[in-house]
Amino acid sequence: MKISERPSLKHLNTFGVDARAGLRIDIESEEDILALPVFDPGKDLVLGGGSNILLVTDVPGTVFLNRIPGRQVVEESNGKTVVEVGGGENWHDLVSWSVSLGYSGIENLALIPGCVGAAPIQNIGAYGVELASVIESVTAWDWQTSQWRVFKPEECRFAYRDSLFKTAASDRYLITSLRIRLSREFTPRISYAGLEGELVKSVNRDLTPQAVFEAVVRIRQKKLPSPEKIGNAGSFFKNPVIDDARAGELQQNHAGLPGWPAGNGKTKLSAAWMIEHCGLKGHRNGPVGVSDQHALVLVNHGGGSGVQLWQLAKMVQQVVASEFDLVLEPEPRIFEFEI
Ligand code: FAD
Ligand code: NAP
């Protein structure tokens, strides 16, 4: 375990917000956890890669960084493989490793920033695949009872960009490792917009998980602003999932508003389209703005504060609400502590 006082968090959040914490503790093993101070949700926070958070204020207490390593095959039978991965491992490195060994299951989730331990928090998803489809179990430390707990997939309450860990029990569990199911048998999932087209350009022999992985990486590099070049936390708003009837009305009143069936009488609408329709794509307010590359992404052009980004997000919410009569929900966790 490593401990440092008054750390800067600027390089620990992909928005590049220049906040500070009281203390930083790097958790490097499961044994470290037994020696940690008690977690106080009103003062402390847990971080992986900091790619799905907005720090509106400093953190008065401790930032616990999950840096628990480990990647091993724990089961292999009948074409099915289960790997156990430490929560501090880099997600994209895991995907890259799995396809290099010929496994399929998570190739569509390439190039998502952040750590493995954060992946179940919002049930990461992209290009038609969600983490929930490959999870065997999630192991976590329960801050309340000071005990380990192993969650079966059905206990995680995975939903669209959501889980038990993000909403009902946020701040209760520190996710230390995952078991993920991979396969030697490859069922490509490439019907998602743009993916098949990208593959047609590059694949002239058999379609492999590696080819899908590379296609996803290429599309993402073209379409999404990289946090290394410009501060951002990916999509800042979730696509609203609303009743079919209400979605139908909105689509009738706003020709071209894209929607997709989301099951259980619900439709998922495109938040990016709504923001662009309101003329906010590329909008800039001083050092912060809406990306001109992608309307769902808020950006820090440099030197923007968490307060400025949060004000911008609220302005986008208000403008969209007055046009579409619905409130876009932020996807990253907003941390606004009482200082
Ligand atoms: P952090 O930002 O560090 O933390 C996120 C939340 O999880 C916080 O509330 C934190 O307290 C909590 N947390 C973190 N680790 C743990 C742990 N071990 N135990 C308990 N709680 C924890 N997301 C997608 O779903 N799909 C995408 O395609 C996608 N693309 C992105 C592209 C870009 C350019 C960026 C910047 C972000 C993107 N994201 C995407 C969002 C983000 O990368 C994911 O949600 C990722 O899983 C966050 O991981 P992290 O380690 O950075 O989490
Ligand atoms: P895109 O391919 O341009 O599509 C725009 C939106 O349309 C996405 O939000 C996507 O919803 C939806 N969509 C497109 N085709 C769909 C289909 N066949 N069925 C259902 N929904 C469909 O999106 P993009 O912004 O370039 O991102 C590509 C993928 O990476 C998406 O899955 C997106 O979620 C993911 N991504 C996520 C983040 C993040 O921070 N969460 C950031 C970048 C990219 P979904 O978002 O529900 O897939």
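Refer to the structure above for everything that follows.
Residues numbered from 1 in each chain as written. Chains lettered and ligands numbered in written order. Predicted model: local features only at pLDDT ≥ 70, side-chain atom pairs only at ≥ 80, totals over all residues. Heavy atoms only, no water.

**Q** Any chance you could explain the overall build of the protein here in plain terms?
**A** Looking only at helices and strands, the protein features 7 helices and 20 strands. With respect to the three principal axes, the spread of C-alpha positions in the protein is 55 × 55 × 35 Å. Residues classed as buried in the protein amount to 48% of the 339 residues present. Put simply, of all contacts in the protein between residues at least 6 apart along the chain, 61% involve residues at least 24 apart. Across the protein, the 34 positively charged side chains and the 40 negatively charged ones have centroids separated by 3 Å. (Helix = DSSP H or I, 4+ residues; strand = E, 2+ residues; numbered from the N terminus. Buried < 20%, exposed > 50% of the residue type's maximum accessible area, 1.4 Å probe, protein only. Contact = heavy atoms within 4.5 Å. Lys, Arg positive; Asp, Glu negative; His and termini not counted. Charge placed at Lys NZ, Arg CZ, Asp CG, Glu CD.)

**Q** Would you mind going over the site of ligand 1 with me for this structure?
**A** What surrounds ligand 1 is a group of 32 residues, the closest being Val-46, Gly-48, Gly-49, Ser-51 and Arg-220. Gly-49 is positioned with one of its backbone polar atoms (N or O) 2.7 Å from an oxygen atom of ligand 1. Side-chain polar atom of Asn-66 to a nitrogen atom of ligand 1: 3.1 Å apart, as the coordinates give it. For ligand 1, whose accessible area on its own is 980 Å², the fraction buried by protein is 93%. At the level of secondary structure, the elements contributing two or more residues to the shell around ligand 1 comprise β3 (45-47), β8 (125-126), β12 (173-183), β13 (231-235) and β20 (333-335). Here the shell around ligand 1 is composed, by residue class, of 16 nonpolar, 13 polar and 3 charged. (Near = heavy atom within 4 Å. Polar contact = N/O pair within 3.5 Å; in protein donor to acceptor, adjacent residues only side chain to side chain. Areas by Shrake-Rupley, 256 points an atom, 1.4 Å probe, with all protein chains shown as cover. Nonpolar A, V, L, I, M, F, W, Y, C, P; charged D, E, K, R; others polar.)

**Q** Would you mind going over the site of ligand 2 with me for this structure?
**A** Around ligand 2, the surrounding shell holds 16 residues, and the nearest of these are Arg-161, Tyr-192, Lys-223, Lys-268 and His-294. Within the backbone of Tyr-127, one N or O atom sits 3.1 Å away from an oxygen atom of ligand 2. One of the side-chain nitrogen or oxygen atoms of Glu-331 is found 2.8 Å away from a nitrogen atom of ligand 2. The fraction of the free accessible surface of ligand 2 (790 Å²) that becomes covered by protein chains is 79%.

**Q** What is the right way to read unusual backbone geometry from this model?
**A** Leaving glycine aside, a negative phi is the common case for residues, and trans is the common case for peptide bonds. The residue Ser-146 is not glycine, and still its phi comes out positive at about 55 degrees. Checked against the element boundaries, Ser-146 lands in the loop between β10 (135-142) and β11 (147-151). Look at Ser-146 and you get partly exposed, because its relative accessible area is 45%. Positive phi values are uncommon outside glycine, yet Arg-157 reaches one of about 50 degrees. Turning to its location among the elements, Arg-157 is positioned in the loop between β11 and β12.

**Q** I tried to follow the nonpolar core on my own but got confused; where do I start?
**A** If you look at soluble globular proteins, the nonpolar side chains tend to sit buried side by side. Leu-55 and Ile-275 are the most contacted members of the largest nonpolar core, which has 44 residues in total. Secondary structure elements with two or more residues in this core: β3, β4 (53-55), β5 (59-66), α5 (244-253), α6 (271-277), β18 (288-290) and α7 (306-324). A per-element tally of this core places α7 first, with 7 residues. The contacts of Leu-55, once residues within four sequence positions are left out, are Leu-9, Asn-13, Val-17, Ala-19, Leu-45, Gly-306 and Phe-335. Listed in part, the 43 residues of the second largest apolar core include Ile-112, Ala-119, Ile-190 and Leu-199. (Core = buried A, V, L, I, M, F, W, Y, C linked by side-chain atoms within 4.5 Å.)

**Q** Explain the packing of aromatic side chains to me, please; I cannot follow it from the model alone.
**A** The description of two aromatic rings rests on the distance between their centres and on the angle between their planes. By the definition in use, this model includes 12 aromatic pairs. Centroid distance Tyr-127 to Tyr-192: 5.2 Å. Interplanar angle 70 degrees. Geometry classified as edge-to-face. Of the two residues, Tyr-127 sits in the loop between β8 and β9 (129-130) while Tyr-192 sits in the loop between β12 and α3 (195-202), which places them 65 residues apart along the sequence. A relative accessible area of 13% places Tyr-127 in the buried class. Between Phe-335 and Phe-337, the aromatic rings sit 5.9 Å apart at their centres with planes inclined by 10 degrees, giving stacked as the arrangement. (Phe/Tyr/Trp six-rings, centres within 6.5 Å; stacked < 30°, edge-to-face > 60°.)

**Q** Honestly, the pairing of strand β6 (residues 71-77) in this entry has me stumped. Any pointers?
**A** Where a strand is regular, its side chains alternate between the two sheet faces. Pairing between β6 and strand β7 (residues 80-86): 6 bridges, direction antiparallel. Along β7, the bridge assignment pairs Ser-77 with Lys-80. (Pairing = 2+ DSSP bridges.)

**Q** It is not clear to me how the sheet that holds strand β19 (residues 297-300) should be interpreted in this structure. Could you clarify?
**A** Neighbouring strands of a sheet are bound in pairs by backbone hydrogen bonds; such pairs are parallel or else antiparallel. Pairing is antiparallel in the open sheet, where 4 strands are placed in the order β13-β19-β18-β17. For this open sheet the edge positions go to β13 and β17 (284-285), each flanked by a neighbour on one side alone. Bridge analysis of β18 against β19 gives 3 bridges, and the strand direction is antiparallel. Looking at the pairing, Gly-289 lines up with Val-299 of β19.

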